[in-house]
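Listed below are the residues making up each chain.
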Amino acid sequence: MTAEAVEQKTSYPYMSPSVWTSLRRVFFKQVPSKVTLTYLSSILSITEKTAKNILPQMRNVGLIDQNGVPTDLAQDFRFEETYPKVCDTILESLYPLEVREIFSSGDADPAAVANWFMRHSKSGQASANVVAKFYLHLVAKEPLPEDVKPRTPRATAKQTTKPAAPAKSDPENLTEKADIPTEPFAPVRPQANGQSHPAPQQQSGPSLHVDLQVHIDSSASADQIDAIFASMAKHLYGR
């Protein structure tokens, strides 16, 4: 068999990038024990007839074996850390070195890539376009969208950090009372008999002014007058 005949029979993966990404989403959540037509039709919301086109492509790239059982490549297919290695494995095993060297970037011209596959796989333009898009998707090694990416330990730790404990309730409003200015401390003066008189009570409200009138009989002696005022000083002022 000539090299040209082998080239004519070359079959490249025929799968849309959207289906590939959908498989990654599902496999990230849980790798099935076996991939069947009913499994694909359920997870991708497609008919079993369409699933018949996808199942052999999954075997072609190496995600499942001939019995539909996921391979080790399917396990690495799930995670961002190992996904680039999966793409490189598929590219090296299924695509010629020539196309990988000519179109080594994911932003290569899709039309030029499709023309290459048309010449080398003897396929029509529509088929070559699908093959080219999937090839460029593998080359780009595009990550999964943020909404399905696994959380890193650091991100998880931030999300589980406990918020600062709220301030304890102050039913007696002690904090506010501490801000209220108080009157200066007045020393207690001793009474004439040596005992300290009670500290004057702090009044609330208006102050009270009292006028005291004393009537002394004109016949009172000077000693009697002095005794009256001494008694007033003792009982009114504690002197």
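Residues numbered from 1 in each chain as written. Predicted model: local features only at pLDDT ≥ 70, side-chain atom pairs only at ≥ 80, totals over all residues. Heavy atoms only, no water.

### Comments concerning the pattern of salt bridges
Line of reasoning, step 1. The final tally for this structure, using the stated rule, is two salt bridges.
Line of reasoning, step 2. We note a salt bridge from E80 to R24, for which the minimum N-O separation is 3.0 Å. Remark: R24 occurs in helix α2 (residues 17–29) and E80 occurs in the loop between α5 (72–76) and α6 (83–94); sequence separation between them is 56 residues.
Line of reasoning, step 3. Judged by its relative accessible area of 2%, R24 falls in the buried class. (Salt bridge = Lys/Arg side-chain N within 4 Å of Asp/Glu carboxyl O. Helix = DSSP H or I, 4+ residues; strand = E, 2+ residues; numbered from the N terminus. Buried < 20%, exposed > 50% of the residue type's maximum accessible area, 1.4 Å probe, protein only.)

### Observations concerning the confidence of the model for the protein
Line of reasoning, step 1. Mean pLDDT for the protein: 78, with 65% of residues reaching 70 or above.
Line of reasoning, step 2. The least confident element of the protein is helix α1 (residues 3–8), whose mean pLDDT is 43; the most confident is α6, at 97.
Line of reasoning, step 3. Note on residues 1–9: pLDDT is under 50 here. Beyond four places in sequence and across chains, it has six contacts. (pLDDT = per-residue confidence, 0-100. Contact = heavy atoms within 4.5 Å.)

### A word on the nonpolar core
Line of reasoning, step 1. Within the largest apolar cluster, 42 residues are counted, with the highest numbers of intra-cluster contacts made by W20, L40, M58, Y95, F117 and Y135.
Line of reasoning, step 2. Breaking this core down by element, the ones donating at least two residues are α2, α3 (37–43), α4 (48–61), α5, α6, α8 (110–121) and α9 (125–140).
Line of reasoning, step 3. The element contributing the most residues to this core is α9, with eight residues.
Line of reasoning, step 4. Discounting residues that sit within four places of it in the chain, W20 has contacts with M15, V61, L63, F77, Y83, I90, F134, H137 and L138. (Core = buried A, V, L, I, M, F, W, Y, C linked by side-chain atoms within 4.5 Å.)

### Side note on the packing of α6 against α9
Line of reasoning, step 1. As a packed pair, α6 and α9 sit with axes 8 Å apart at the nearest point and diverge in direction by 135 degrees. One finds that α6 runs oblique with respect to α9. The interaxial crossing formed by α6 with α9 has left-handed handedness. Of α9, the residues touching α6 (which contributes Y83, C87, I90 and L91) are Y135, H137, L138 and V139. (Axes fitted to C-alpha atoms, helices over the stretch in contact; angles between N-to-C directions. Parallel < 35°, antiparallel > 145°, perpendicular 65-115°, else oblique. Left-handed = near helix turned anticlockwise from the far one by under 90°.)

### Digging into unusual backbone geometry
Line of reasoning, step 1. The phi dihedral of S45 is positive, around 55 degrees, even though this residue is not glycine.
Line of reasoning, step 2. Checked against the element boundaries, S45 lands in the loop between α3 and α4.
Line of reasoning, step 3. S45 sits in the exposed class, given a relative accessible area of 67%.
Line of reasoning, step 4. Phi at K122 takes a positive value of approximately 55 degrees, unusual for a residue other than glycine.
Line of reasoning, step 5. Relative to the helices and strands, K122 resides in the loop between α8 and α9.

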